[in-house]
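Residue strings, one per chain:
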2 protein chains.
Amino acid sequence: MSNPNGVDQTENPVPETKVLAVASHVVYGYVGNVMATFCMQALGCEVAAINTVNFSNHTGYRQFKGTRTPPEEIRDLYKGLTNSYLLDFDVLLSGYIPSAEALHEVALIARDLKTRREVMRPGSFFWILDPVMGDQGRLYVSEELVKGYKSVMRSGQEGPDLIVPNGFELELISGVHLSGSTSTGEDGAELERRPTGDNYEATLDRVKEAIEVLHKRDGIRMIVATSVRIQGKQGVLCVVGSEKKSDGSSRCFVIEVPVLDCYFSGTGDMFAGLMVGRLREACQNAGTLDKHGWASDDDVSASELPLAKATVKVLSSMGAVLEKTMKAKDEELEKYESSRRASLDPQSKKDDEEKRHFLAKTKAAEVRAVRNAGDLIRPNVRFEAVALD
Amino acid sequence: MSNPNGVDQTENPVPETKVLAVASHVVYGYVGNVMATFCMQALGCEVAAINTVNFSNHTGYRQFKGTRTPPEEIRDLYKGLTNSYLLDFDVLLSGYIPSAEALHEVALIARDLKTRREVMRPGSFFWILDPVMGDQGRLYVSEELVKGYKSVMRSGQEGPDLIVPNGFELELISGVHLSGSTSTGEDGAELERRPTGDNYEATLDRVKEAIEVLHKRDGIRMIVATSVRIQGKQGVLCVVGSEKKSDGSSRCFVIEVPVLDCYFSGTGDMFAGLMVGRLREACQNAGTLDKHGWASDDDVSASELPLAKATVKVLSSMGAVLEKTMKAKDEELEKYESSRRASLDPQSKKDDEEKRHFLAKTKAAEVRAVRNAGDLIRPNVRFEAVALD
């Protein structure tokens, strides 16, 4: 459908895409489905959102109100869609899921959607899974949910087609210790008991090893490790992706992006949401959207993979938006500081002041996606995918 | 904040706007907060959404799953925002609210936000209320909620700054019978017991009378009646708006839009969401954003009101998107019919076939907002606001 005025096919060549998005909802700020939905819609995707939690704000504020959606309500909402034949989805994107029981419901939804599509257009349905479990050595879900994710990874054709873990999550699900000092047992149990610390640094060889384990042992076809600190590479994060070949071997690409001196929440959701649109676009361009699991032929090199091209665009959009967010954050915090100085109550407690400052800093770092939608739609490509041999 | 690539100030001159949006959430389709949020974000507004229900789909399908948000959870979510100082909203947009108790919570939120803003920037906070109660003579909320809306209308400075009822809702809250045969008592009780039918037609004099009652009796400053059938005007709906003068009198404008031969759900939410951005834009252009309630001077004529200019743009966007939706709907239904003919089971019951056809028709009429975002952002102005003397 062409549209001369706006987000049309010439300037935004993402094919029509219907997505079922299962992730968290927050009233204020940009994480979970709020972030992912906006990113997908900016790229022209239709999004149906099942919200796994309804919180006032993200947990990085260290306080919030709201409720988790019970697993049976997730099932019930999907039943509602089924009853009215509202299941014409091309993609399932699953993000934060609060419990192993809820993950079980999501896996059943994935299986059902895949099975229905097998009848009509085999292999055309695609599940992108962000295994949200923790970051920088800190686990923030239950051990039971970690086990659930591992089991989902190993469910073959019924499992996810693309997973987008961060470095810590890649360690957890592969069982490969990325820093290269020791490799853990196959079930990764040791890792869970001994999460790596904030300052650990991986080697690219180990990242590749972890990716190959997931290709071969678990059968996952596409993987992007979204942020890994690599030994000897100062000031950059590495994004490492691969689409497995038919013999199960990897073809890894690496993209280096500068580290920004700020902690943002919701960047994983931003990555996943933009990836939905960009992968559809790249696979359409490569003519693979009608192939089973959107698979590339074996002779496509790592840096020429649709997955690599999509990742470059996604990271270019994110780089632009996050830089603008940092600038806006500094301006907001300056205003906060000057208004605090003007109204400072000499009786106020130091603890209160510190808490208030922390909350203001966290708020100021909310990603400015909406006012910078142009960077999502038309990124200036600023990175390069390089094959990792 | 300028942005050379995308939805920037030159092509989308809506000023930075933070909105708290309280309305329904559906997984599939475009009504309530799903519709309003996307429309506002397309115009560059930041939206914080409190979802009053979480349903699988809109009720026009005649079946759905999901839950209503209890009033105490609405209160709790707002408490979460308060605790973390996440209250920097310029606008409250309230849509579907499931009960009188929930409306009470929303009115408390509005009062709190207004009071806080009074200290910093008096009158700059703005409440847009869509009194969702029914349509075309059919009430679909409780009598208690209707009473609640009437009471909220009469709460003066603490009440809404702009209301956007449809014709039926305008009758209910004003107590003025629009078809001109009888005028009901001030409390409109008679009307509620005797809802006007599908085919009733109003007169513009009576619409103006109803608007004046709301200006003078209830003190509502801005009103847009979003769709009224007027006697003698074939093939068009009238949209009638007014901003009251300082003596309480009205200055009404009328915009005629063609009737489309299709029932769409979510158009009220689309109108309200687009109105948030367009009214901010028009009031900024008129220099009234810093005035109490964004009020225009008395010498501004009806057709030159920021409200009139905003309404013209909103209706132009909607006209374009709804026309494209009708076309897409016809294509989708053709596909449905041919696939049904191909797979028709001679054993299937006529009732099942009819139900399935109804569901397919309802789904096909879901408004195509996302793929036509350009029409939201850059409408070709196609209507005109004319003063009603």
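Residues numbered from 1 in each chain as written. Chains lettered and ligands numbered in written order. Predicted model: local features only at pLDDT ≥ 70, side-chain atom pairs only at ≥ 80, totals over all residues. Heavy atoms only, no water.

You'll find chain A entered in an unreviewed UniProt entry as Pyridoxal kinase, with Neophaeococcomyces mojaviensis given as the organism.

## Considerations on the sheet that holds strand β1 (residues 18-26) of chain A
Residue and element names in this part refer to chain A. This is how the line gets drawn: Two strands qualify as a pair provided DSSP detects at least 2 bridges between them. Secondary structure elements are defined from DSSP: runs of H or I of at least 4 residues count as helices, runs of E of at least 2 residues count as strands, and each element is numbered from the N terminus. Any two residues whose heavy atoms approach within 4.5 Å at even a single point are treated as in contact. Orientation is described by axes fitted as lines to C-alpha atoms, over the contacting stretch for helices, and by angles from 0 to 180 degrees between their N-to-C directions.
With mixed pairing, the 10 strands of this open sheet are ordered in space as β3-β2-β1-β4-β5-β8-β9-β10-β11-β12. At either end of the open sheet lies a strand with only one pairing partner, and these are β3 (66-68) and β12 (386-387). Inspection of the sheet shows β1 paired to strand β2 (residues 46-55) by 8 bridges, in the parallel sense. Bridging across to β2, Ala23 finds its partner in Asn51. On the sheet, helix α8 (residues 267-286) packs against β1, β4 (91-94), β5 (126-129), β8 (162-163) and β9 (222-228) and is oriented at approximately 160° with respect to β4.

## Considering the relation of the copies chain A and chain B
Definition in use: Overlaid copies result from least-squares superposition on C-alpha atoms, with residues included only where pLDDT is at least 70 in both.
Rotating chain A by 180° about the axis while translating it 0.0 Å along that axis superimposes it on chain B, leaving an RMSD of 0.0 Å. On this basis, the relationship between the two copies can be described by a two-fold rotation axis.

## What about the packing of aromatic side chains?
As a reminder of what qualifies: Note on aromatic contacts: the rings of Phe and Tyr and the six-membered ring of Trp form a pair at centre separations within 6.5 Å, being stacked when their planes are under 30 degrees apart, edge-to-face when over 60 apart, and tilted otherwise. For a ring to carry a charge above it, either NZ of a lysine or CZ of an arginine must fall within 6 Å of the ring centroid while also lying within 35 degrees of the normal to the ring plane.
Taken as a whole and assessed by the stated rule, the structure comprises 6 aromatic pairs over all chains. Aromatic pair A:Phe55 and A:Phe64: ring centres 4.3 Å apart, planes at 35°, arrangement tilted. Here the basic side chain of B:Arg62 rests over the ring of B:Phe358, its NZ or CZ set 3.9 Å away from the ring centre. One cation-aromatic arrangement involves B:Arg356 over A:Tyr85; the distance from NZ or CZ to the ring centre is 3.7 Å.

## Some words on the interface of chain A and chain B
Spelled out, the test is: In short, buried area is how much 1.4 Å probe accessible area vanishes from two parts on joining, totalled over both. By convention in these notes, a salt bridge is any Lys or Arg side-chain nitrogen within 4 Å of a carboxyl oxygen on Asp or Glu. Under the convention adopted here, Pro, Cys and the residues Ala, Val, Leu, Ile, Met, Phe, Trp and Tyr are nonpolar, Asp, Glu, Lys and Arg are charged, and Gly plus all remaining residues are polar.
Across the boundary between the two partners, chain A contributes 61 residues, which contact 62 residues of chain B. For the pair chain A and chain B, the summed buried area comes to about 5,500 Å², and 52% of that belongs to carbon and sulfur atoms. Scanning the region where chain A abuts chain B turns up 2 salt bridges. A:Asp88 is the partner of B:Lys363 in a salt bridge, and the nearest nitrogen-oxygen pair spans 2.8 Å. Taken together, the elements giving at least two residues each to the side of chain A that touches chain B come down to β1, α1 (32-42), β2, β3, α2 (71-83), α9 (306-343), α10 (350-364) and α11 (373-377) of chain A. If one sorts the elements of the side of chain A that touches chain B by residue count, β2(A) sits on top with 8 residues. Grouping the amino acids of the side of chain A that touches chain B by side-chain chemistry returns 26 nonpolar, 20 polar and 15 charged.

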